[in-house]
Amino acid sequence: MAKLHPKRARNAQPVADPSVTIASPNGKLFYVNGGKNWVCSAAAVHRELIVTAAHCGYHRDTKAYSTNVLFVQQYSPTSAGRRFVVSEIIVPGDWLDSGYGYTDQALMRVQGSFAEHYGVVLRPNPSWVLPGGQFGYPAERPFPGNRMYFVFPVEPGSPDPNDLLTASIYSDMTKGSSGGPWVGNNPQGQLGYVFGLNSYKKSGDSARMYSPYFDFLMGALIKCALTKQCS
């Protein structure tokens, strides 16, 4: 596996207190698929919705939706966090059909209500800016899997040449961080907004994390979740 470029390494740092304002909507996702236990990351973006990667909600290899999905907000080694059972998984139809990186985005509805959540911003043109921070629960070495991590990216990557409706940042987060949000600062002083998420890394390139581009597809997911008008 390729090493991080020394000038581009943005080593993830542990979040000392997951309840701190900018980190508080984040959590760890536990679920079952194909008879196995899996973990991902996610973040609250509405009083009853979380955003995560579509591959956490539907495995294309098993052709099955995940079951027994539990979101634990502000999960940490010293706190059990707030537990929310997921009652509905909303993934794009294109993810079921193609599995392109651009379609790897999903919403999940929980039972209960969040006190803190991010917003979501849709960018109709591919004018990417760096997120204020990347969050997640990486679970492969050297990460423990039970702690929230944060990367402050200062150098943008480039889109996946095979899927231009993606963007990348330099990050050493690993599996387990999938679905963790890319959060931008909110000029109105709120918690911030999500405009990307940890989706995948390309074989042989451990330095870059890719995200789908949030545009009309995420807009359709939000509409489906809030109005039940699903196409």
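J.: Describe the packing of aromatic side chains, naming the residues involved and giving the relevant values.
T.: Counting across every chain of the model gives nine aromatic pairs. A ring pair is formed by Y193 and F195, whose centres lie 5.8 Å apart and whose planes are at 45 degrees; its orientation type is tilted. Given the relative accessible area of 19%, Y193 is considered buried. Assessed through its relative accessible area of 1%, F195 is described here as buried. An aromatic cluster is present here, built from F30, Y75 and Y137 joined pairwise through their rings.

J.: Please set out the side chain of Q73 residue by residue, giving values where relevant.
T.: Within the secondary structure layout, Q73 lies in strand β7 (residues 67-73). Here S24 takes part through its backbone oxygen, which lies 3.0 Å from a polar atom of the side chain of Q73. Discounting chain neighbours no more than four positions away, the residues touching Q73 are S24, P25, N26, G27, G81, R82, F84, F114 and E116.

J.: Provide a residue-level description of the sheet that holds strand β10 (residues 119-120), including the pertinent values.
T.: Reading across from one edge, β1-β12-β11-β14-β15-β10 is the order of the six strands in this open sheet, with mixed pairing throughout. The sheet is open, and its two edges are formed by β1 (13-14) and β10, each paired on a single side. Inspection of the sheet shows strand β14 (residues 181-184) paired to strand β15 (residues 193-197) by four bridges, in the antiparallel sense. Bridge pairing in β15 links V183 to V194.

J.: How would you sum up the pairing of strand β9 (residues 106-110)? Please name residues and give values.
T.: With five of five residues buried, β9 lies mostly within the body of the structure. As defined by bridge partners, strand β4 (residues 49-52) adjoins β9 across four bridges and the pair is classed as antiparallel. Pairing of V51 across the sheet is with L107, part of β9. Judged from the four bridges that link them, strand β8 (residues 82-90) and β9 form a sheet pairing that is antiparallel.

J.: So what's going on with the pattern of salt bridges? Residues and values would help.
T.: Following the criterion strictly, the structure yields five salt bridges and no others. Of the charged contacts in the structure, one is a salt bridge between E88 and R109, with a shortest N-O distance of 2.8 Å. Pair noted here: E88 is in strand β8 and R109 is in strand β9, with a separation of 21 residues, a long-range link. What makes E88 partly exposed here is its relative accessible area of 24%. A salt bridge links D160 to K202; the shortest N-O distance between them is 3.3 Å. Placement of D160 in the loop between β12 (149-151) and β13 (166-170) and of K202 in strand β16 (residues 200-202) is noted, with a sequence separation of 42 residues between them. When salt bridges with common partners are traced through the structure, they connect E48, E88, R109 and K228 into a single cluster.

Basis of the calculations
- Residues numbered from 1 in each chain as written.
- Predicted model: local features only at pLDDT ≥ 70, side-chain atom pairs only at ≥ 80, totals over all residues.
- Heavy atoms only, no water.
- Phe/Tyr/Trp six-rings, centres within 6.5 Å; stacked < 30°, edge-to-face > 60°.
- Buried < 20%, exposed > 50% of the residue type's maximum accessible area, 1.4 Å probe, protein only.
- Helix = DSSP H or I, 4+ residues; strand = E, 2+ residues; numbered from the N terminus.
- Polar contact = N/O pair within 3.5 Å; in protein donor to acceptor, adjacent residues only side chain to side chain.
- Contact = heavy atoms within 4.5 Å.
- Pairing = 2+ DSSP bridges.
- Salt bridge = Lys/Arg side-chain N within 4 Å of Asp/Glu carboxyl O.

Read these as spatial facts, not as claims about activity.
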